[in-house]
Amino acid sequence: MAGRKESKAVGGEVIYNRIAMLRAERGVSRRQLAEALGVHYQTVGYLERGEYSPSLHLAMRIAAYFEVAVEIVFATEPFPRIGSEN
């Protein structure tokens, strides 16, 4: 279910992310991404599993690392499944 991860932010709001999918597409390990972002590699795991919501600053750094818009990585609605007809 890569790409459909969610995180419960303060107030019960859910944030979905595609970090694992983007990492896999680019052949980047959690450790490599963490080093590039200046965070602990476990933080990347927490983000991917939806156990931690990033700050706006970190979210923007993640998007910049992958050279995509923040909306490609994070969303408030579930991402459509890859290959779906939606």
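Definitions and limits used
- Residues numbered from 1 in each chain as written.
- Predicted model: local features only at pLDDT ≥ 70, side-chain atom pairs only at ≥ 80, totals over all residues.
- Heavy atoms only, no water.
- Axes fitted to C-alpha atoms, helices over the stretch in contact; angles between N-to-C directions.
- Helix = DSSP H or I, 4+ residues; strand = E, 2+ residues; numbered from the N terminus.
- Parallel < 35°, antiparallel > 145°, perpendicular 65-115°, else oblique.
- Contact = heavy atoms within 4.5 Å.
- Nonpolar A, V, L, I, M, F, W, Y, C, P; charged D, E, K, R; others polar.
- Phe/Tyr/Trp six-rings, centres within 6.5 Å; stacked < 30°, edge-to-face > 60°.
- Core = buried A, V, L, I, M, F, W, Y, C linked by side-chain atoms within 4.5 Å.
- Buried < 20%, exposed > 50% of the residue type's maximum accessible area, 1.4 Å probe, protein only.
- Salt bridge = Lys/Arg side-chain N within 4 Å of Asp/Glu carboxyl O.

K.L.:
Could you clarify how one ought to interpret the packing of helix H1 (residues 19-26) against helix H3 (residues 41-49) in this entry?
P.N.:
Two packed helices can be described by the angle between their axes and the distance between those axes. Contact geometry of H1 with H3 gives a least axis separation of 8 Å together with a crossing angle of 120 degrees. It follows from the interaxial angle that H1 and H3 lie oblique. Two secondary-structure elements touch here, H1 through Ile-19, Ala-20 and Arg-23 and H3 through Val-44, Leu-47 and Glu-48. Grouping the amino acids of the contact of H1 with H3 by side-chain chemistry returns 4 nonpolar, no polar and 2 charged.

K.L.:
Can you help me understand the packing of aromatic side chains in this one?
P.N.:
The geometry of an aromatic ring pair is captured by the separation of the ring centres together with the interplanar angle, meaning the angle of the planes. One pass over the full model with this rule turns up 1 aromatic pair. Seen from their ring centres, Tyr-65 and Phe-66 are 5.0 Å apart, and the 85 degrees between their planes marks the pair as edge-to-face.

K.L.:
Help me out: how do you make sense of the nonpolar core in this one?
P.N.:
Among the nonpolar cores identified, the biggest contains 15 residues, and Ile-19, Leu-33, Ile-62, Val-73 and Phe-74 are the most heavily contacted of them. When residues of this core are traced back to their parent elements, those giving at least two are H1, helix H2 (30-37), H3 and helix H4 (56-66). It is H4 that provides the largest number of residues to this core, a total of 5 residues. In this structure Ile-19 touches Leu-33, Leu-47, Glu-48, Ile-62, Phe-66, Val-73 and Phe-74, once residues within four positions along its chain are discounted.

K.L.:
I tried to follow the pattern of salt bridges on my own but got confused; where do I start?
P.N.:
It is possible for side chains bearing opposite charge to pair when their charged atoms get close. Evaluation of the coordinates by the stated rule reveals 4 salt bridges. A salt bridge links Arg-23 to Glu-48, with the nearest nitrogen and oxygen atoms 2.4 Å apart. Of this pair, Arg-23 sits in helix H1 while Glu-48 sits in helix H3, and the two are 25 residues apart along the sequence. Across the pair Arg-26 and Glu-25 runs a salt bridge whose closest N-O atoms are separated by 3.4 Å. Connected through shared salt-bridge partners, Arg-23, Arg-30 and Glu-48 make up one network.

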